[in-house]
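# Structural characterization, general
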Amino acid sequence: MRLEKRVALVTGGSSGIGRGIALELAAEGAAVAVADVREEPKRGKYHERDPSTPTAEQIVQAGGRALHLPCDVSDEAQVRAAIEATVDRLGGLDILVNNAGILIPGTSQEISPADWRAVLGVDLHAVFYATRSAVPHLKKSRAGRIINIASVQSFGGGGGPAYAAAKGGALNLTRDSALELAPFGITVNAICPGYIETPIQDYLSEEQIEACRRRTPLPRFGLPRDVARAAVFLASDDAEWITGVALPVDGGWLAGF
């Protein structure tokens, strides 16, 4: 197993991409802390309609080590507490996956300032909060890793002004953190998913989903496991000399740009 004896914290790990990442990290031997405001997996209107077993519980049932930590990642104190609990209860921290994300649709004329702040709080500020609190612990690891889940919208507009701004910021924060932490042997990378079949797509209409399907060159949408396997690679020793990169996992979505 590629991640045996390592400890990971995955924000937003109860559902969607975060759930997929947590399950794959655990399958590779990592102990996993799942930090999320809810423990039960979300059920989508179009995708993932029937998950019922909480992520940490599923990992434990499979013989792994895991725990759920209630955490609103937009609250810096709660993020810091989740990281400290991970270290105390699982014995350290080697891998931080900043995955938690929300999308509130609307144009600049439709989205409220409160919703703007809410999206940036979860999708951007939380990445900084978790990175800041995790670094002292990652410096003690022989294989410190930070993996930020950005988006194809990190490279351009789409998803509304708050989402595009937050994901673009998360990508540049990845690069800056990579430069800061390289002297300590800590790698910092971003994964940029395209359309992934998760409940976050519920805001779309069936017509919009079909338009996304036509725009994706490969003949299917992405699954959480597609992103999760990329995360396993970036967390592993195979990626120890890769840092500051943005890895699209998008079925070719960006290839035509």
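Notes on the structure follow. (Residues numbered from 1 in each chain as written. Predicted model: local features only at pLDDT ≥ 70, side-chain atom pairs only at ≥ 80, totals over all residues. Heavy atoms only, no water.)

## What to know about the nonpolar core
- Grouped together as the largest cluster of nonpolar side chains are 30 residues, with contacts concentrated most on Leu9, Val73, Val79, Ile83, Leu93 and Ile146.
- Counting residues per element, the ones that place at least two in this core are β1 (7–11), β2 (31–36), β3 (66–70), α3 (76–90), α4 (113–138) and α5 (161–181).
- By size, the runner-up hydrophobic cluster in this structure holds 29 residues, among which are Leu25, Ala30, Val34 and Ala56. (Core = buried A, V, L, I, M, F, W, Y, C linked by side-chain atoms within 4.5 Å. Buried < 20%, exposed > 50% of the residue type's maximum accessible area, 1.4 Å probe, protein only. Helix = DSSP H or I, 4+ residues; strand = E, 2+ residues; numbered from the N terminus.)

## Description of α3
- For α3, with 15 residues, the first-to-last C-alpha span of 21 Å sits near the 21 Å given by 1.5 Å per residue.
- Of the surrounding elements, those touching the buried residues of α3 are β1, β2, β3 and α4.
- Two or three places before Ala77, at the opening of α3, Asp75 has a side-chain oxygen 2.9 Å from that residue's backbone nitrogen. (Expected span 1.5 Å × (residues − 1). Contact = heavy atoms within 4.5 Å. Polar contact = N/O pair within 3.5 Å; in protein donor to acceptor, adjacent residues only side chain to side chain.)

## Focus: the environment of Ala130
- Assignment of secondary structure puts Ala130 in helix α4.
- For Ala130, a relative accessible area of 1% puts it in the buried group.
- Counting along the chain gives 128 residues from Ala130 to Arg2, while the straight-line C-alpha distance between them is 24 Å.
- Once residues lying within four places of it in the same chain are set aside, the contact partners of Ala130 are Val79, Ile83, Leu96 and Asn98.

## Regarding the sheet that holds β3
- The strand order across the open sheet built from seven strands is β3-β2-β1-β4-β5-β6-β7, with neighbouring strands paired in parallel fashion. Only two strands of the sheet have a single partner each, and these edge strands are β3 and β7 (246–249). Strand after strand, the sheet turns through a mean of 20 degrees between neighbouring axes, direction not considered.
- Sheet topology note: the strand β6 (residues 187–193)/β7 ladder contains four bridges and is parallel. Pairing of Ala190 across the sheet is with Ala246, part of β7. (Pairing = 2+ DSSP bridges. Axes fitted to C-alpha atoms, helices over the stretch in contact; angles between N-to-C directions.)

## Side note on the packing of α4 against α5
- Following both chains from N to C, one finds α4 and α5 inclined at 15 degrees, their axes separated by 8 Å at the closest point. Regarding the angle of α4 to α5, the classification is roughly parallel. Judged by the twist between their axes, the crossing of α4 over α5 is right-handed. Residues Trp116, Val119, Leu120, Asp123, Leu124, Val127, Phe128, Thr131 and Val135 of α4 form the contact with α5, whose participating residues are Pro161, Ala162, Tyr163, Ala165, Ala166, Lys167, Gly169, Ala170, Leu173, Ser177 and Leu181. (Parallel < 35°, antiparallel > 145°, perpendicular 65-115°, else oblique. Left-handed = near helix turned anticlockwise from the far one by under 90°.)

## What to know about α4
- Along its 26 residues, α4 runs 35 Å from first to last C-alpha, staying within 8% of the 38 Å computed at 1.5 Å per residue.
- At Gly121, α4 shows its strongest bend, of approximately 45 degrees. (Bend = angle between axes of the 7 residues up to and from the residue.)

## Side note on the packing of helix α1 (residues 16–27) against helix α7 (residues 224–235)
- Between α1 and α7, the shortest axis-to-axis distance is 8 Å and the interhelical angle comes to 50 degrees. By the angle between their directions, the pair α1 and α7 is classed as oblique. Crossing handedness for the pair α1 and α7: right-handed. Residues Gly16, Ile17, Gly20, Ile21, Glu24 and Leu25 of α1 pack against Pro224, Arg225, Val227, Ala228, Arg229, Ala231, Val232 and Ala235 of α7.
- Looking at side-chain class alone, the contact of α1 with α7 contains nine nonpolar, two polar and three charged residues. (Nonpolar A, V, L, I, M, F, W, Y, C, P; charged D, E, K, R; others polar.)

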